[in-house]
Every structure is written in C-alpha cells, then in structure tokens.
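Here's the letter readout for the chains.
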Amino acid sequence: MTAGARRYRLPLLASALLLCGVIAWRVLILPAPLAFAGGHQVELAAYPGRNPTGVPPELDGADVVTRGKYLTEAADCMACHTAKGGHPFAGGRPFKLPFGTLYTPNITPDRETGIGAWNDMHFLRAVHEGISRDGTRLYPAFPYASYSLMPDADVLAIRRYLETIPAVRLANRPNSFGFPYNQRWLMAVWSGFFNPGKPFRPIAERSAQWNRGAYLVEGPTHCGECHTPRNLAQAMDTRNKFAGGVAEGWNAYNITSDRDSGIGDWKPSEIAAYLKSGHAHGRGVASGPMAEAVELSFSKLTPSDVAAIANYLRTIPARRTNDTPKAAGPAPGQPSLGAGYSGNGARIFADACSGCHAWNGAGAMVGEAQLSGNRAVNDATAANVALMILQGAGTPGTPRRFMPSFRQSYSDKEIADVANYVTARFGSKPSTVSAKHVGELRHE
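Heads up: these notes are all about the structure in this document. The shown structure was predicted, so the numbers you read here are calculated from the model rather than taken from an experiment. (Residues numbered from 1 in each chain as written. Predicted model: local features only at pLDDT ≥ 70, side-chain atom pairs only at ≥ 80, totals over all residues. Heavy atoms only, no water.)

A word on the overall build of the chain
Link 1 in the chain: Of regular secondary structure, the chain possesses 17 helices and six strands.
Link 2 in the chain: Taken over the C-alpha trace, the chain has a radius of gyration of 24 Å; the compact-globule value for 444 residues is 22 Å, and the two agree within 12%.
Link 3 in the chain: Projected onto the principal axes, the alpha-carbon positions of the chain cover approximately 80 × 65 × 50 Å.
Link 4 in the chain: Sorting the 444 residues of the chain into buried and exposed places 47% on the buried side.
Link 5 in the chain: Partitioning the intrachain contacts of the chain with sequence separation of at least 6 by distance along the chain shows that 65% fall at a separation of at least 24. (Helix = DSSP H or I, 4+ residues; strand = E, 2+ residues; numbered from the N terminus. Rg over C-alpha atoms; globule rule 2.2 N^0.38 Å. Buried < 20%, exposed > 50% of the residue type's maximum accessible area, 1.4 Å probe, protein only. Contact = heavy atoms within 4.5 Å.)

Regarding unusual backbone geometry
Link 1 in the chain: Looking along the chain, the bond that leaves F179 and enters P180 is cis, with omega of 0°.
Link 2 in the chain: Relative to the helices and strands, P180 is located in the loop between α6 (152-162) and α7 (186-194).
Link 3 in the chain: Its identity as a non-glycine residue notwithstanding, F89 has a phi of 70°, on the positive side.
Link 4 in the chain: Mapped onto the secondary structure, F89 falls in the loop between α3 (77-80) and β1 (94-97).
Link 5 in the chain: A positive phi angle, close to 70°, is found at A358, a residue other than glycine.
Link 6 in the chain: If you trace the backbone, A358 turns up in the loop between α14 (354-357) and α15 (383-391).

Some details on the state of the cysteines
Link 1 in the chain: Across all of its chains, the model carries zero disulfides by this definition.
Link 2 in the chain: Unpaired in terms of disulfides, C353 finds its nearest cysteine sulfur in C356, a separation of 8.7 Å. (Disulfide = S-S within 2.5 Å.)

As for helix α16 (residues 412-426)
Link 1 in the chain: Under the 1.5 Å per step criterion, the end-to-end length of α16 is 21 Å for 15 residues, consistent within 8% with the ideal 21 Å.
Link 2 in the chain: Extensive coverage of α16 is indicated by the burial of 11 of its 15 residues.
Link 3 in the chain: Within the span of α16, buried status applies to I415, A416, D417, V418, A419, N420, Y421, V422, T423, R425 and F426.
Link 4 in the chain: In this structure, the buried side of α16 is in contact with α13 (344-352), α15 and α17 (435-443). (Expected span 1.5 Å × (residues − 1).)

Examining the packing of aromatic side chains
Link 1 in the chain: Applying the stated criterion across every chain, the model contains 16 aromatic pairs.
Link 2 in the chain: Here F99 and F177 contribute two aromatic rings whose centre-to-centre distance is 5.3 Å and whose plane-to-plane angle is 80°, an arrangement assigned as edge-to-face. Of the two residues, F99 sits in the loop between β1 and β2 (100-103) while F177 sits in the loop between α6 and α7, which places them 78 residues apart along the sequence.
Link 3 in the chain: Through successive ring pairs, a cluster of aromatic residues spans F142, Y144, Y147, W190, F193 and F194.
Link 4 in the chain: In this structure, R206 is placed above the aromatic ring of W210, and the distance from its NZ or CZ to the ring centre is 4.6 Å.
Link 5 in the chain: Positioned over the ring face of F242 is K241, at 4.6 Å from the centre of the ring. (Phe/Tyr/Trp six-rings, centres within 6.5 Å; stacked < 30°, edge-to-face > 60°. Lys NZ or Arg CZ within 6 Å of the ring centre and 35° of its normal.)

Examining the nonpolar core
Link 1 in the chain: Core analysis: the biggest nonpolar cluster contains 55 residues, and F123, L162, I309, Y312 and L313 have the highest contact counts within it.
Link 2 in the chain: Put simply, the parts of the chain that give this core at least two residues each are α2 (64-74), α4 (120-129), α6, α8 (208-218), α10 (268-277), α11 (288-296) and α12 (303-313).
Link 3 in the chain: Broken down by element, this core gets its largest block of residues, six residues, from α6.
Link 4 in the chain: Sequence-distant contacts of I309, that is, excluding residues within four places in its chain, are made with G213, L216, V217, L275, F298 and L301.
Link 5 in the chain: A382, A419, V433 and L441 belong to the second largest nonpolar core, which has 33 residues in total. (Core = buried A, V, L, I, M, F, W, Y, C linked by side-chain atoms within 4.5 Å.)

With respect to the pairing of β2
Link 1 in the chain: Residues G100 and L102 line one face of β2 and the alternating positions T101 and Y103 line the opposite face, and both faces are buried.
Link 2 in the chain: Two elements, β1 and β2, share four bridges in a ladder whose sense is antiparallel. In the sheet register, P94 faces β2, and the bridge partner there is Y103. (Pairing = 2+ DSSP bridges.)

Structural notes on the pattern of salt bridges
Link 1 in the chain: On inspection of all chains with the given rule, the structure shows 21 salt bridges.
Link 2 in the chain: For R93, the salt bridge is made with E248, and the minimal N-O distance between the two is 3.0 Å. Of the two residues, R93 is situated in the loop between α3 and β1 and E248 in the loop between β3 (245-247) and β4 (250-252); the sequence distance between them amounts to 155 residues.
Link 3 in the chain: Taking the relative accessible area as the measure of exposure, E248 reaches 30% and is therefore partly exposed.
Link 4 in the chain: K413 is paired through a salt bridge with D417; the nearest N and O atoms lie 2.9 Å apart. (Salt bridge = Lys/Arg side-chain N within 4 Å of Asp/Glu carboxyl O.)

Some thoughts on α2
Link 1 in the chain: Within the span of α2, buried status applies to G68, Y70, L71, T72, E73 and A74.
Link 2 in the chain: Buried-residue contacts for α2 involve α3, α6, α8, α11 and α12.
Link 3 in the chain: At the N-terminal end of α2, a side-chain oxygen is found 3.0 Å from the backbone nitrogen of V65, two or three residues along, and the residue is D63.
Link 4 in the chain: Residue D76 follows α2 closely and has a positive phi angle near 60°. (Polar contact = N/O pair within 3.5 Å; in protein donor to acceptor, adjacent residues only side chain to side chain.)

Here we look at the side chain of D417
Link 1 in the chain: Note on placement: D417 falls in helix α16.
Link 2 in the chain: Residues in contact with D417, not counting those within four places in the same chain, are N344 and G345.

A few points about the packing of α8 against α12
Link 1 in the chain: Viewed as axis vectors pointing N to C, α8 and α12 meet at an angle of 90°, and their least axial separation amounts to 7 Å. Judged by the inter-axis angle, α8 sits roughly perpendicular to α12. Residues Q209, W210, R212, G213, A214, L216, V217 and E218 of α8 form the contact with α12, whose participating residues are D305, A307, A308, I309, N311, Y312 and L313.
Link 2 in the chain: Here the contact of α8 with α12 is composed, by residue class, of nine nonpolar, three polar and three charged. (Axes fitted to C-alpha atoms, helices over the stretch in contact; angles between N-to-C directions. Parallel < 35°, antiparallel > 145°, perpendicular 65-115°, else oblique. Nonpolar A, V, L, I, M, F, W, Y, C, P; charged D, E, K, R; others polar.)

Set out below in structure tokens:
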C-alpha cells in the first residue's frame, strides 16, 4: 500500500465508524415515553394529585375482579388473544409479520394449555419483562414494553379477572419464524435496550388528568405500539412519537398535534366521540384494528378516562406526515364533475358506492358514510380504502355501521381502480395503488 493510500484510509475508516456509531445511537438510544413533556417525574407515592394508575374515580371502591375487568378491557387483551370465530382469550389469532406468522397464546385458566398453572410472579414477569412461565422469551408483538409501565397492583388485578373467565383447552400454535428470528434468546438483547422495565412515574408539574391520560396511552392502551413508526430493530421510534405506523396491513394514522396530518385541529369532544363510538363527524370512521379497539376497549372506558386520553394526546409534539396531507373539502355533487369521472373507478363507484356515500362524499343517509374529511381518503397510499372495500366494516344487522365486503365482487384491478378514484375525488392527493398491492392486502 502506498503512503497516499494509507493517508486516505484512516479518515475513511474513521468516517465509517462515526456513521455506524450515529446509526447505532439512533436505533438503540431512544427518548423515554414522557421525555417530550419536560418537568420532573416522581414516584407514585410522591405525586401530590390523585394516583394516575389503577381505575378511574367512577370505580373507586370496586372489588378487585371488577377493577381487573376494566383494566383488561383498557389493555385490549381480548382482541389479540381471540382468533376469528374462536373462544375469548383462548389465543390462536395469527399476526403476519415480515419474517413469519405469530400466533397468540391461550390465556384462559386452563392448567394445561392456558395460564391456570401460573402463579402471580409468572404473570408479572410475562407482562413486565416478556418472559413466559418456563423462561421462554416472548416476542414484543406482545406489548410488554408498554405494559411494563403498569404497576404490580394493576397487572395482578387483570390476573384476578382472567381467573374468572371460562377455561378453554386449546393448545398454542407454533410460530412459523425461520432463522434467526426463531431464536427467542435474542429478545433478551432487545429488551435490554427497548423495555424500560419500570412502572409509570407521573410528572409533578402536570395535572392529574394529564397524568392519567399519559398512563393510559403509554401503558394499558399502548397506543404507540400501532401509531408510532418502527426503527431498524422493530422498536417504537419515539423520536417520531405517534407519527403513524402500520397494524396488520392497515395504516395507523398520525395522532400527534400536527394540524394537517395529525389531530391538532380536532376538538376534545371529537377525539372522545371517535374513541367511544368509532365515529367523529367530519373526521371519519374507525376501521380495521382501530374499529376493533373501539369495540372491545375504548368504548368500555369511563368518560373521565376518555377525556384524560384526549387531553394527553393534544399535547404530543406535532410531526408532519406527507402521506396524509390536510383533508380536502367536499366534492362536487354532480357525478360528471370532479376527478376521473370517465374511468373504470367512477363506474364502480356509481354502481356500488354512491348510494351510501353520495357523490359529494357527505354520506347519503348516515354520518358514518361520510367520505369528505375522512383520514383514509386523504391517505396517498390508499391502503385503508382498499382494505375497507375488501373487508367491509361493522356487523350485519347494525346498518349505521355496516358496510359489506366487496372481496368476492371485484378483482384486484377493479378495487385498485375504485380506491384510486375515491382518493382523487374526495381526497387532497390522488393515490396510485396497484392491483398487485391490492392482491397483497387481500392475502393479508
């Protein structure tokens, strides 16, 4: 090697090491959940206001099983631990991940296939540390990094409730992960960096309502697990806290205080209505996993807890999301006006959609059918629009919420056409979702 080559090699090596260090720092060293809020975090016993953990004032004096049921619903345990058409909490629900399929476990009191033989310490260790009774490491698809913020009393109250549900004998299904993702011991390394492992500590300078909302959002309801993007290590990238993520193929939208792509211009009453009913007028209807969370979790919360969540969410620092720009206004009422009327998408919309949604997007009969202002139609990926067309929404017999599935009625190309037409007519940025992508969503 010449002297000149040696002279350039050292700076290049130093630059490469510096770059690796910066990447490692951004991936491995992340802000704590409440780092954005300032102030001083204190132990629960030192907080001068009402204890923000546990149950809300409406349930003061309730027995431990009632408290546990409320916290179980807040934590949305049934959604993940119930397969489609299966027994509640008996597991078996598949989650398709980039590296295989994960099946949730049985958490009923059955002693052989559930958690009936577990003691309190086993349960606490699983919820807080992601370690099963036999020492097996759990994958963070189980949101123990969020649940670790829950104090022992709340976790054990959940256990007391789970002890009262019917035991179901149903063996757990093995995951389909290949090497190296099937090496569960690696989760110990992951936890070392990304699981805080400490119970919630309120901020002394903040109100009791704000701290209650912070506890619920960061802990039991684990909103960030869906609404925060992931980094290279598949941990929540808290530098972009609540800026949007993906859940089971659905886009979980930006819920920061950004006024265009987030919820910064939502009124507290609109946030509360969305959480309690899955619909806020002019804002949209909950669909996919969010609709499930509303049905099984948020709709069960007391008014004071819903208000606390809304109060906390409105303080999250704004993050702009380019895929969801500011919502467009109403579309023209006449079919021939507006974007792309002569295309195949417009024909399908006329045949199958206009009767409920109307050409101006205001909804022909019920507010839930309104398209203008809906987050999904302002999403340039059109993923949620396509999934809504494929899967439908709601339950038959509940007409205000029910939209039928068109999975069997239209091809991938036709669904892509109508999805792109809907975003062009009712959104502010046309999408270009492809038939191939729709096929992937159909499989998902």
